[in-house]
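Residues per chain are reported as follows:
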Amino acid sequence: MDNFEQNWLDTEILLKERFGKVPDMEGILFLIGVNELGRMPRKKFSKEQKQDLMHIAVCTLLCQLGYYEYVGRDEDNWPHFNELMQVPVKGINEQERMLKECVIRYFQ
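Analysis parameters
Residues numbered from 1 in each chain as written. Predicted model: local features only at pLDDT ≥ 70, side-chain atom pairs only at ≥ 80, totals over all residues. Heavy atoms only, no water. Helix = DSSP H or I, 4+ residues; strand = E, 2+ residues; numbered from the N terminus. Rg over C-alpha atoms; globule rule 2.2 N^0.38 Å. 1 Å grid on protein atoms, 1.4 Å probe; cavity = no way out; pocket = protein on both sides within 12 Å on 5 of 7 lines; lining within 4 Å. Points joined across faces, edges and corners; volume = space filled by probe spheres on them. Nonpolar A, V, L, I, M, F, W, Y, C, P; charged D, E, K, R; others polar. Pairing = 2+ DSSP bridges.

Participant: Residue-level account of the overall build of the chain, with values.
Facilitator: A tally of regular secondary structure across the chain gives four helices and two strands. The secondary structure elements of the chain, listed N-terminal to C-terminal, are α-α-α-β-β-α. Computed over its C-alpha atoms, the radius of gyration of the chain comes to 14 Å, within 12% of the 13 Å expected for a compact globule of 108 residues. Dimensions of the chain, computed from C-alpha atoms along their principal axes, come out at roughly 45 × 35 × 20 Å.

Below you can see the structure in the form of structure tokens.
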């Protein structure tokens, strides 16, 4: 098993210990988004808010690679980012690996 696979397995173990199961990638992005938002809602997040949280997570993760930069929070305290450069168009497997590598670093 290469280092990436071992690191991903370690991250999945960490998530299972914290949450009782290993979430899929959408679940992981949602968790990161909520963490970056810094608060839980008084009521359930709407579908649009859940999408926004996953977008926050992707931007947060891609900040590690220089694709985005954090610029601050709006009046509702939601984080915002500027795109610094376009993420190269890759196949789904390459995109997933790139995100997984960022998730590994996020949880380390």
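Participant: Could you give an account of the layout of surface pockets, naming the residues involved and the relevant values?
Facilitator: Within this model, the largest pocket holds a volume of roughly 220 Å³. Taken together, M25, V58, L62, V87, I92, Q95, E96, M98 and L99 form the lining of the largest pocket. Among the secondary structure elements, those contributing two or more residues to the lining of the largest pocket are α3 (47-63) and α4 (92-107). Here the lining of the largest pocket is composed, by residue class, of seven nonpolar, one polar and one charged.

Participant: Quick rundown of the pairing of strand β2 (residues 79-83)? Include the residues and the values.
Facilitator: Relative to β2, strand β1 (residues 68-73) is paired through five bridges, and the arrangement is antiparallel. Paired with R73 across the bridge in β2 is P79. What sits between β1 and β2 in their antiparallel hairpin is a turn of five residues, with N77 showing a positive phi close to 70 degrees.

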